There are 2 protein chains.
Amino acid sequence: MSQFSGSQLSGTAPGGGGENLLFLTDEQLRKGIEAMFFAYRGFTADPDRILETMDYGRAHHRAVHFIHRSPGTTVSNLLGILGVTKQSLNRVLRSLIDDGHVRSEKGRRDGRERHLFLTEKGEAMEKSLSDAQRARMRAAYRAAGPVAVQGFRQVLEAMMDPGLRDYYNRLRDGA
Amino acid sequence: MSQFSGSQLSGTAPGGGGENLLFLTDEQLRKGIEAMFFAYRGFTADPDRILETMDYGRAHHRAVHFIHRSPGTTVSNLLGILGVTKQSLNRVLRSLIDDGHVRSEKGRRDGRERHLFLTEKGEAMEKSLSDAQRARMRAAYRAAGPVAVQGFRQVLEAMMDPGLRDYYNRLRDGA
DNA sequence: AACTTACGTCAGCCTTGTTGACTTTCCAAG
DNA sequence: CTTGGAAAGTCAACAAGGCTGACGTAAGTT
């Protein structure tokens, strides 16, 4: 019915030479804030359900995701990405290593560093988690269409803190 | 430089009559997942900094946001939106009421219900929190442009759980 | 009168974050 | 070679914010 009431989203200034001057009312921004809140709930819901069947939490998922993404990454690198203390990360890493999901390897160039890898078992777990999460992403992408997806990524990127945006882009361009 | 490497995002099937058949590789979906993760960090960073100066956390922010949004909402309504237990919400609500940020009013039609409102003090706090959050949203929206914003909202909406999407749309159409 | 709903609250538990302190290992600069 | 500092691991203690279970009370509903 009133599905088009959503298109009060934005516009260019009247008589404003077509430049990028948006009318962003507090209400429109509030809707965006709520969209982030509700969408993030959906975003984490599927993996959360799987995780709780194996005594892990979101913290484990995050670690596993980024170790999968950057095999051989170091602990301090991971600390920077995840933005937690080493004590907090260590607890999570400890249980992942003890359960045989993650392997920690002393650095050859720099012996202080530990390089982190997923074991076969860990890769399997990562796959089951990310399959669930990707399924929802795929459905959302399909429903919204390619143009929307492009915009989605642009806004999210603009929302990141600069340091993390750099990290994100490094991943993006394949590292 | 390689900013156009991001446009491997999606496409329609070759020879596929222009329908909505997207090529969504696991890699592309993974980028979306990471974008959500990093963007959400940015999204909460500013209010988090303010909250910690007043002994509140994200849980308080969420409650205050939705009470501001729907003044007079009931406890059980809020429980549904936030997806937490009443014990958990009550702890947060208790402190907000004790500190004079929230007012709880016995329902006149149904005396079992408690209707929640922000006090003046509560409204002021809400404003300071949402000003910070909106500033980032506004910057991101400006940077990405109106078309991107439209897509951003579409994808997020498609990512929500159906129940929350309904709630979101009810808010959206002004309730 | 009996049942149900909405709310509040007590007690206890878990995860995941925090700080602070201390140790071991190891690279690198003086 | 020594020393300073970085990377990592660990111990202890604590807090926020989730959870379950149980119980009580007020107020509608049948």
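Scroll up for the structure.
Each chain has its residues counted from 1, following the order in which its sequence is written. Each chain gets a letter, beginning with A, and each ligand a number, beginning with 1, in the order they are written. This being a predicted model, a pLDDT of at least 70 is required before a residue's local features are given, and a value of 80 or more before pairs of side-chain atoms are given or counted; all residues contribute to the totals for chains, interfaces and linings. No hydrogens and no water enter the side-chain calculation; it runs on all heavy atoms of the structure.

1. A look at the packing of aromatic side chains
Side-chain rings of Phe, Tyr and Trp (the six-membered ring for Trp) are treated as a pair once their centres are within 6.5 Å; stacked means planes under 30 degrees apart, edge-to-face means over 60, and tilted covers the remaining angles. If you walk through the whole model with that rule in mind, you get 17 aromatic pairs over all chains. Between F38(A) and F66(B) the ring centres are 5.7 Å apart and the planes differ by 45°, which places this aromatic pair in the tilted class. Of this pair, F38(A) sits in helix α1 (residues 26–52) while F66(B) sits in helix α2 (residues 58–69), on two different chains. Residue F38(A) shares its accessibility class with F66(B), and that shared class is buried. Where F66(B) meets Y167(B), the ring centres are 6.5 Å apart and the plane angle is 65°; that geometry is what we call edge-to-face. Of this pair, F66(B) sits in helix α2 while Y167(B) sits in helix α7 (residues 162–172), placing them 101 residues apart in sequence. In this description a helix means any DSSP run of H or I spanning at least four residues, a strand means any run of E spanning at least two, and both kinds are numbered starting from the N terminus. Only protein chains enter the area calculation, which uses a 1.4 Å probe; residues under 20% of their type maximum are buried, those over 50% are exposed, and those in between are partly exposed.

2. Quick notes on the packing of helix α2 (residues 58–69) of chain A against helix α5 (residues 120–144) of chain A
All names here are of chain A. Axes, fitted as lines to C-alpha atoms, cover a helix only where it is in contact. Angles between the N-to-C directions of the axes lie from 0 to 180 degrees. Running from N to C, α2 and α5 cross one another at 105°; their axes reach a closest spacing of 10 Å. Looking at the two axes, α2 sits roughly perpendicular to α5. Note on element contacts: α5 touches α2 through E123, M125, E126, L129 and Q133, opposite H61, V64, H65 and H68. Considering only residue class, the contact of α2 with α5 consists of three nonpolar, four polar and two charged. We call two directions roughly parallel when the angle between them is under 35 degrees, roughly antiparallel when it is over 145, roughly perpendicular when it lies between 65 and 115, and oblique otherwise. By the convention used here, residues are in contact when the closest approach between their heavy atoms is within 4.5 Å. Polarity classes work like this: nonpolar for Ala, Val, Leu, Ile, Met, Phe, Trp, Tyr, Cys and Pro, charged for Asp, Glu, Lys and Arg, and polar for all others, with Gly in that last group.

3. A few points about the environment of V155(B)
Structurally, V155(B) is set in helix α6 (residues 146–159). Owing to a relative accessible area of 0%, V155(B) belongs among the buried residues under this scheme. Excluding residues within four positions of it along the chain, V155(B) makes contact with A140(A), Y141(A), A144(A), A148(A), V149(A) and F152(A).

4. With respect to the relation of the copies chain A and chain B
The copies were overlaid with a least-squares fit restricted to C-alpha atoms from residues scoring a pLDDT of at least 70 in each copy. Its rotation angle being 180°, the transformation that places chain A on chain B also includes 0.0 Å of axial translation and leaves an RMSD of 0.1 Å. The symmetry that links the two subunits is that of a two-fold axis. Every residue of chain A has its C-alpha some distance from the rotation axis, and the shortest such distance is that of F152(A), at 1.8 Å.

5. Details of the protein's contact with DNA strand D
Surveying the vicinity of DNA strand D reveals 26 residues, the closest of which are S76(A), K86(A), R62(B), R91(B) and K106(B). By convention in these notes, a residue is near a molecule or strand provided one of its non-hydrogen atoms lies within 4 Å of it. Those atoms of DNA strand D that come within 4 Å of the protein belong to sugar or phosphate at a rate of 61%. The term polar contact refers here to a pair of N or O atoms within 3.5 Å; inside protein, the definition further demands a hydrogen-donor-capable atom paired with an acceptor-capable atom, and it admits residues adjacent in sequence only when both atoms are side-chain atoms. Between R91(B) and DNA strand D, the recorded distance is 2.4 Å, taken from a side-chain N or O atom to a base nitrogen. Those elements giving two or more residues to the surface near DNA strand D turn out to be α3 (75–82) and α4 (86–98) of chain A together with α2 and α4 (86–98) of chain B. The residue inventory of the surface near DNA strand D, partitioned by class, reads three nonpolar, eleven polar and twelve charged.

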